Amino acid sequence: MVFEKTLAEIVDENYVYARALHYLGISFFEEPNKALSEICKERGLNREKVIKSFYLFDGCSRLSFNEIKSYPIDLLVEYLKHSHHLFIKDKLPFIIHLAENCEEKQEIQKLLPEFVEDFIRHIYDEEDSVFKYVQILDKSSKGVISNPISQLLPFGNFSLAHEFEHHREDDEMRAIRSLIEAFEPKSLKERVLVQEVKAFDREMLYHAAIENEIFFPKALKLEEEVYSLLRKKSSLN
Ligand SMILES: [Fe+2]
Ligand SMILES: [Fe+2]
């Protein structure tokens, strides 16, 4: 029974449970040798809630490529924004929390803030320019906005094709990936850190692939359609 196990045993069996525990307000490395039942009793945690959170973090909520491909572009934008939100609010804070509590932190500590900054900038740039621009295109194609040109005007020299090119070459994880590959964990906490960074890297690769292979091609096609429609309209006027 999972409640009779110590926190270290639970995390050792499945590192994902470290994040589930964190979500419940428990740092597994603070009292690794305490049984989960003891912790629950001390903190008045409901066992059902604990099991639910384990189940939640264990479940693979990843949608398949084909499923995502069938999404209309407005839903695709919402899906990507939701993933951004999870990266920033859920996954990254836990990695930072683990790194802060690592014994051997010199290199990781130097690299992590830099990486987080780059990563957050990437996300906000994407949401504030690319996604916004595409949402205007989508609305104009549906005839929801009456004067699309006035809404597209503030984007000035913005080029979706250029953004796409840049996005395909981007790899913010490069530095941290090579660091973590060479990193030899000496404790369970460090092992969880390594696993979490690797899992984050895998998710980032998947996320970027969705953007590069599904989102940008769809958006470029939409851009072409909208502009040809606008050209036709202006030639009629
Ligand atoms: Fe993104
Ligand atoms: Fe991106």
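A quick note: this is a predicted structure, and the numbers were derived from the prediction, not measured.

Peer 1: What am I meant to see in the packing of helix α6 (residues 73-100) against helix α11 (residues 188-236) here?
Peer 2: α11 packs onto α6 with a crossing angle of 160 degrees between their chain directions and a minimal axis gap of 11 Å. Put simply, α6 runs roughly antiparallel to α11. Here α6 and α11 pass one another in a crossing that is left-handed.

Peer 1: Can you help me understand the domain arrangement of the chain in this one?
Peer 2: Note on interface size: it is often stated as the accessible area lost on association of the parts. Each assigned domain of the chain is listed here: domain 1 (2-58) and domain 2 (65-236). The straight-line distance from the C-alpha centre of domain 1 to that of domain 2 is 32 Å. Counting from both sides, the interface comprises nine residues of domain 1 and, opposite them, eight residues of domain 2. For the side of domain 1 that touches domain 2, the secondary structure elements donating two or more residues are α1 (7-13) and α2 (16-23). Taken together, the residues of the side of domain 1 that touches domain 2 sort by class into six nonpolar, one polar and two charged.

Peer 1: Can you walk me through the environment of Lys189 in this structure?
Peer 2: Looking at where Lys189 falls in the secondary structure, it is placed in helix α11. Overall, Lys189 belongs to the buried group, with 22 C-beta atoms counted inside 10 Å. In this structure Lys189 touches Phe29, Leu98, Asn101 and Cys102, once residues within four positions along its chain are discounted.

Peer 1: I keep staring at the environment of Gln151 and nothing clicks. Help me out?
Peer 2: Within the fold, Gln151 resides in helix α8 (residues 148-152). Among all residues touching Gln151, those that are not within four sequence positions of it are Ile136 and Ile145.

Peer 1: Before we go on, may I ask you to explain α2 in this structure?
Peer 2: Three or four residues apart is the spacing at which side chains of an α-helix point the same way, because the helix has 3.6 residues per turn. Listing the buried residues of α2 in full gives Tyr17, Ala18, Arg19, Ala20 and Leu21. Of the surrounding secondary structure, the elements contacted by the buried residues of α2 are α1, α4 (47-58), α6 and α11. Immediately downstream of α2, the backbone of Gly25 shows phi near 90 degrees, a positive value.

Peer 1: Can you walk me through the packing of helix α10 (residues 174-182) against α11 in this structure?
Peer 2: The description of two helices packed together rests on the angle between their axes and the distance between the axes. Running from N to C, α10 and α11 cross one another at 145 degrees; their axes reach a closest spacing of 10 Å. The handedness of the crossing between α10 and α11 comes out as left-handed. Within the contact between the two elements, α10 uses Ile176, Arg177 and Ile180 and α11 uses Val194, Val197, Lys198 and Asp201. Of the residues that constitute the contact of α10 with α11, the class distribution is four nonpolar, no polar and three charged.

Cut-offs and rules
Residues numbered from 1 in each chain as written. Chains lettered and ligands numbered in written order. Predicted model: local features only at pLDDT ≥ 70, side-chain atom pairs only at ≥ 80, totals over all residues. Axes fitted to C-alpha atoms, helices over the stretch in contact; angles between N-to-C directions. Helix = DSSP H or I, 4+ residues; strand = E, 2+ residues; numbered from the N terminus. Parallel < 35°, antiparallel > 145°, perpendicular 65-115°, else oblique. Left-handed = near helix turned anticlockwise from the far one by under 90°. Domains from an automatic or database assignment. Contact = placed C-beta atoms within 7 Å. Nonpolar A, V, L, I, M, F, W, Y, C, P; charged D, E, K, R; others polar. Buried ≥ 20, exposed ≤ 12 C-beta atoms within 10 Å, placed from the backbone.

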